[in-house]
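Descriptive structure summary
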Amino acid sequence: MSTLQALLSRSNSHCELCSSTTDLSVLPVPPKSDDTNADRCIVTCQFCKEQINQTDTLDANHWRCLNDSMWSQVPAVQVMAWRMLNRLSSTETWAQDLLDMMYLDDETREWAESGMASEESDTPTLDSNGSVLSAGDTVTLIKDLAVKGAGFTAKRGTAVRGISLTGNPEQIEGRVNGVRIVLLTKYLKKS
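Residue numbers restart at each chain and count upward from 1, following the sequence in its written direction. In keeping with the predicted nature of the model, local features appear solely for residues at pLDDT of at least 70, side-chain atom pairs appear and are counted solely at 80 or more, and the whole-chain, interface and lining totals rest on all residues. To obtain the side-chain values, all non-hydrogen atoms of the structure were used and water was disregarded.

Some words on the environment of Ile 52
Rules: Secondary structure follows DSSP: runs of H or I at least 4 residues long count as helices, runs of E at least 2 residues long count as strands, and numbering of each begins at the N terminus. Each residue is placed in one exposure class: buried if its accessible area under a 1.4 Å probe, protein chains only, is under 20% of its type's maximum, exposed if it is over 50%, and partly exposed if it falls in between. Residue contacts are counted whenever heavy atoms from the two residues lie within 4.5 Å of one another.
Take Ile 52: it is sitting in helix H2 (residues 46-53). Classification of Ile 52 as buried rests on a relative accessible area of 13%. Spatially, the C-alpha atom of Ile 52 lies 15 Å from that of Ser 20, the residues being 32 residues apart in sequence. With near-sequence residues (within four places) excluded, Ile 52 lies in contact with Leu 17, Leu 27, Trp 63, Met 80, Met 84 and Arg 87.

As for helix H4 (residues 75-88)
Keep this limit in mind: Here the expected span of a helix is defined as 1.5 Å times the quantity of residues minus one.
Counted at 1.5 Å a residue, the expected span for H4 with its 14 residues is 20 Å, and the 20 Å between its end C-alpha atoms agrees. Here H4 lies mainly inside the structure; 12 of its 14 residues are buried. Buried within H4 are the following residues: Ala 76, Val 77, Gln 78, Val 79, Met 80, Ala 81, Trp 82, Arg 83, Met 84, Leu 85, Asn 86 and Leu 88.

Topic: the sheet that holds strand E7 (residues 164-165)
For the record, the criterion: DSSP-based pairing: two strands are paired if at least 2 bridges between them are found. Lines are fitted to the C-alpha atoms to define the axes, a helix being fitted only along its stretch in contact, and any angle between axes, read from their N-to-C directions, falls within 0 to 180 degrees.
An order of E7-E8-E9 is seen for the 3 strands of this open sheet, with the pairing classed as antiparallel. Both edges of this open sheet fall to E7 and strand E9 (179-184), since each of them pairs with a single strand only. Where E7 and strand E8 (residues 171-176) come together, 2 bridges link them in antiparallel fashion. The residue of E8 that forms the bridge with Ser 164 is Glu 173. Set on the sheet, helix H5 (residues 93-101) makes contact with E7, E8 and E9; between it and E8 the angle comes to about 80 degrees.

So, the sheet that holds strand E10 (residues 188-190)
Judged by pairing direction, the sheet is antiparallel, and its 3 strands sit side by side in the order E6-E3-E10 without closing on themselves. At either margin of the open sheet sits one strand with a lone partner, and together these are strand E6 (159-160) and E10. One ladder, built from 2 bridges, connects strand E3 (residues 139-141) with E6; its direction is antiparallel. The residue of E6 that forms the bridge with Thr 140 is Ala 159.

Notes on the environment of Ala 146
Tracing the backbone through its elements, the reader meets Ala 146 in strand E4 (residues 145-147). The class of Ala 146 is exposed, set by a relative accessible area of 65%. Setting aside its immediate chain neighbours within four residues, Ala 146 contacts Phe 152 and Thr 153.

What about the packing of H4 against H5?
For the record, the criterion: By the definition adopted for this analysis, an angle is roughly parallel if under 35 degrees, roughly antiparallel if over 145, roughly perpendicular if from 65 to 115, and oblique otherwise. Handedness of a crossing follows from how the near helix is turned relative to the far one, being left-handed for an anticlockwise turn of less than a right angle and right-handed for a clockwise one. Under this grouping Gly is polar, as are all residues other than the nonpolar Ala, Val, Leu, Ile, Met, Phe, Trp, Tyr, Cys and Pro and the charged Asp, Glu, Lys and Arg.
Across the interface, H4 lies against H5 with an axial gap of 8 Å and an inter-helix angle of 140 degrees. Put simply, H4 runs oblique to H5. The handedness of the crossing between H4 and H5 comes out as left-handed. Side by side, H4 and H5 meet where Trp 82, Leu 85, Asn 86 and Leu 88 of the first sit next to Trp 94, Ala 95, Leu 98 and Leu 99 of the second. Counted by class, the contact of H4 with H5 contains 7 nonpolar, 1 polar and no charged residues.

So, in structure tokens, the structure goes:
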């Protein structure tokens, strides 16, 4: 049985991300993947494949389908859903909410993050003390910060859990008072 046949059987001839039934093909999920190992591949429609390989604008409304596919029992589908939600989370609050709900076992999370490393900057994100920050860490504010546009002040000592890294090593994203904001790392310390 070919890889495509195995994947079509596994997915009931549907895109494993958006459930489309047209223009299906094999998409290896990097790193260390090839199109002969069905466990390291997913079957996607042409639109999803183009969006995954695109580095600039994403069709955010199309990716609302991840609300369903992120619960797949297939690790390769979980990895790709996590990566796409991660890419969307900087501009879409719904994507960050889904990312916050999503559970990946340690091995699958490592796989998902290892594929994202090549897309991120080589410069590590450091807190005010020089400790390296990673996605999912908890940080504490070391200074009161006025949050522009939200009408409140984030108080010193506030814990920000489950942070997300941005492309800029001097900034992270996190939730304060239920609002997702960008914070400068020079005003944070790792908890």
